[in-house]
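Geometric and topological summary
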Amino acid sequence: SQASFEEDGQKQPAVGHWKPLMPSKGSTEGPETGCQDAGGVDETQSTEQLNVSRLRSSSVEIREKGSEFLKEELHKAQKELKLKDKECERLSKVREQLEQELEELTASLFEEAHKMVREANTKQAASEKQLREARGKIDMLQAEVTALKTLVITSTPSSPNRELHPQLQSPSKAVFRKGHGRNKSTSSAMVSAANQNVTPEPVGHERKEVDSILFAEFQAWKESPTLDKSCSFLDRIYREDIGPCLDFTKRELSELVRVAVEQNTLTIEPVASQTLPVVKVTAEECGGPKKCALSGLPRTCKHRIMLGDSGNYYYISPSCRARITAVCNFFTYIRYIQQGLVRQDVELMFWEIMRLRREMSLAKLGFYPNEM
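Residues numbered from 1 in each chain as written. Predicted model: local features only at pLDDT ≥ 70, side-chain atom pairs only at ≥ 80, totals over all residues. Heavy atoms only, no water.

Description of the pairing of strand β2 (residues 266–270)
The criterion, for reference: In this scheme, a residue with accessible area under 20% of its type's maximum is buried, one over 50% is exposed, and one in between is partly exposed, where area comes from a 1.4 Å probe on protein chains only. Starting at the N terminus, helices and strands are each numbered in turn, a helix being any DSSP run of H or I of at least four residues and a strand any DSSP run of E of at least two. When DSSP finds two or more bridges between two strands, those strands count as paired.
Counting buried residues along β2, 5 of its 5 residues qualify, which places the element largely inside the surrounding structure. What you see with β2 is no split at all: L266, I268 and P270 on one side and T267 and E269 on the other are buried throughout. As paired strands, β2 and strand β3 (residues 303–307) are joined by 5 bridges and run antiparallel to one another. Paired with T267 across the bridge in β3 is M306.

Comments concerning unusual backbone geometry
In this model, N264 sits at a positive phi of 60 degrees, which is unusual for a non-glycine residue. Inspection of the secondary structure assignment puts N264 in the loop between α5 (251–262) and β2. By relative accessible area, N264 is classed as partly exposed at 24%.

Quick notes on the environment of D228
Relative to the assigned elements, D228 resides in the loop between α3 (212–223) and α4 (232–245). The exposure class of D228 is partly exposed, given its relative accessible area of 42%.

Some details on the packing of aromatic side chains
Quick note on the threshold: Working definition: rings of Phe, Tyr and Trp (its six-membered ring) pair if their centres are within 6.5 Å, and the pair is stacked with planes under 30 degrees apart, edge-to-face with planes over 60 apart, and tilted otherwise. Lysine NZ or arginine CZ positioned within 6 Å of the ring centre and within 35 degrees of the ring normal marks a charge as sitting over the ring.
For the structure shown, the criterion picks out 8 aromatic pairs. Ring centres 5.1 Å apart and planes at 35 degrees place the aromatic pair W221 and F233 in the tilted group. Pair noted here: W221 is in helix α3 and F233 is in helix α4, with a separation of 12 residues, a long-range link. Each member of the pair, W221 together with F233, is buried. Feature note: the residues F215, F218, W221, F233, F350 and W351 constitute an aromatic cluster, connected by ring pairs. The ring of W351 carries the charged tip of K208 above its face, separated from the ring centre by 4.5 Å. Lying across the ring of Y238, K229 places its NZ or CZ 5.3 Å from the centre.

Side note on the nonpolar core
Note the following rule: Here, nonpolar core means buried Ala, Val, Leu, Ile, Met, Phe, Trp, Tyr and Cys residues that are tied together by side-chain atoms lying within 4.5 Å of each other.
Counting residues in hydrophobic clusters, the biggest one holds 51 residues, and the most contacted among them are I242, L266, L294, I324, F330 and I353. At 11 residues, helix α7 (residues 318–338) tops the list of elements feeding residues into this core.

With respect to the pattern of salt bridges
A side chain of one charge can pair with a side chain of the opposite charge when the charged atoms of the two come close. Filter applied, for reference: Salt bridges are identified by distance alone: a Lys or Arg side-chain nitrogen within 4 Å of an Asp or Glu carboxyl oxygen.
In the structure shown here, the tally under the stated rule is 13 salt bridges. In this structure, the salt-bridge partner of E61 is K65, at a minimum N-O distance of 3.3 Å. Taken together, the positions of E61 and K65, both in helix α2 (residues 32–154) and 4 residues apart, correspond to about one turn of that helix. Linked by salt bridges that have partners in common, E217, R236, E240, D241 and R357 make up one network.

Digging into helix α8 (residues 346–364)
What counts is decided by this rule: How far a helix is expected to stretch is found by multiplying one less than its residue total by 1.5 Å. Residues adjacent in sequence count toward polar contacts only when both atoms are side-chain atoms; beyond that, a polar contact is any pair of N or O atoms within 3.5 Å, and within protein one must be able to donate a hydrogen and the other to accept it.
Its 19 residues give α8 an end-to-end C-alpha distance of 27 Å, which sits within 8% of 27 Å, the value for a rise of 1.5 Å per residue. Its side-chain oxygen placed 3.1 Å from the backbone nitrogen of E347, D345 serves as the N-cap of α8. The positive-phi residue at the C-terminal boundary of α8 is G366, with phi of around 105 degrees.

Examining a nonpolar patch on the surface
The criterion, for reference: A patch consists of residues whose relative accessible area exceeds 30% and which take part in no salt bridge; residues with like charges are grouped when within 9 Å of each other, and nonpolar side chains (Val, Leu, Ile, Met, Phe, Trp, Tyr) when within 5 Å. Each accessible area value is a Shrake-Rupley result obtained with a 1.4 Å probe; residue values ignore everything except the protein chains displayed when judging cover.
Residues L102, L105 and L109 make up a contiguous nonpolar surface patch of about 310 Å² in total accessible area. You can see L102 is positioned in helix α2.

Some points on the side chain of S254
We count it as follows: Residue contacts are counted whenever heavy atoms from the two residues lie within 4.5 Å of one another.
Of note, S254 is situated in helix α5. Given a relative accessible area of 4%, S254 falls into the buried group. Side-chain polar atoms of S254 contact the backbone oxygen of K250, separated by 2.6 Å. Setting aside its immediate chain neighbours within four residues, S254 contacts L246, D247, F248 and L294.

A word on the pairing of β3
Most of β3 is tucked away, with 5 of its 5 residues classed as buried. Here β3 shows a buried face lined by H303, I305 and L307 and a second buried face lined by R304 and M306. The pairing of β3 with strand β4 (residues 313–316) spans 4 bridges and is classified as antiparallel. Its bridge partner lying in β4, I305 is registered against Y314. Following β3, the chain reverses through 5 residues before pairing antiparallel with β4; G308 in that reversal takes a positive phi of roughly 65 degrees.

Examining α5
Put simply, the rule reads: In this description, the arc belongs to the directions extending from the helix axis to the C-beta atoms.
With 12 residues, α5 should reach 16 Å at 1.5 Å per residue; the first-to-last C-alpha distance of 17 Å fits that figure. Among the residues making up α5, those that are buried are L253, S254, V257, R258, A260 and V261. Taken around the axis of α5, the buried residues stretch over an arc of 165 degrees, which confines them to a single face. Among the exposed residues of α5, those oriented more than 90 degrees off its buried face are R251 and E252. N264 sits one or two residues past α5 and shows a positive phi near 60 degrees.

Considering the packing of α5 against α7
The criterion, for reference: Axis geometry follows a simple rule: fit a line to the C-alpha atoms, using only the stretch in contact for helices, then measure angles between N-to-C directions, giving values from 0 to 180 degrees. When describing relative orientation, an angle under 35 degrees is termed roughly parallel and one over 145 degrees roughly antiparallel, while 65 to 115 degrees is termed roughly perpendicular and anything else oblique. The hand of a helix crossing depends on one turn: near helix anticlockwise from the far one by less than a right angle means left-handed, and clockwise means right-handed.
The N-to-C vectors of α5 and α7 enclose an angle of 25 degrees; their axes lie 10 Å apart at closest approach. Judged by the angle between their axes, α5 and α7 are roughly parallel. For the pair α5 and α7, the crossing hand works out as right-handed. Together, V257, V261 and E262 of α5 and I324, V327, C328, F331 and R335 of α7 make up the contact between the two elements.

Have a look at this one:
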């Protein structure tokens, strides 16, 4: 609009243009020329007024158009501003939502972390408790092993300590507790040479000579002690001592007794002043206070045996008890050797085993102490 205004101003003639008053040389014009000049001035003024009015109308028009243009621009700016306000509001809501989710996630993570810490502390406390209990058990087991080693070293079947083995006391001195007195074959020997009628003479008054074959078999077994009867050492003892000693009239029950002795599940207990339990087998198979279940002979039975945890008791005579306990003594001693609890010279251990074999031989021949 400004450019058009300048263009219109350039096209209009200049206002106040004066012509020369003096006539040029040789001119014949007179006063008429002056009249004509006065008329030209009037026309020029009217033209100038017309131009001014035109300029004014053009500026008004330009102002109106500029105002409309500015209004349109303002309207567009307001629309864009509203859109931006809405976008800002939406982004603000998104940010608030994200912040809320972040807070919830942080809280859940902290809660989970605290939970894991609590669980870890609980597990650590439980582990420490188990460790303390395990250490206590280890200390107890070590004390038991030390006591057992002391017992084995200071009290062997050849020279038992009666204070450490109350079961070796005579029945007149022993006091039975109420209920069932249970004595496992591994805990201690039932009968020892110390309370038997056949007491070995002192070593200084007894002549002994080592059998080279038996000693070689024992040395081979001592290198790798085992309870497998397939080795030559135990195979000989099974054939010559254990088998005949546990060979009773009742063959089926004898086999069960042999297996229980080998597996260390045989229990022998006195029957004096005890209530007899209800058993599943017949009275003939179990025997009774006046009949031995192994030999089938009428004998006074002061003891009874139980095989494993079957709950069935079998009454046995003193002779049968002596034979069973002699075999139990032998197995107890070789188990001590296998576990490394016997700290003696090899020859001394050999002679102890020979003494135990002699006890089995005497028992199978019918010799037993009066206390049985």
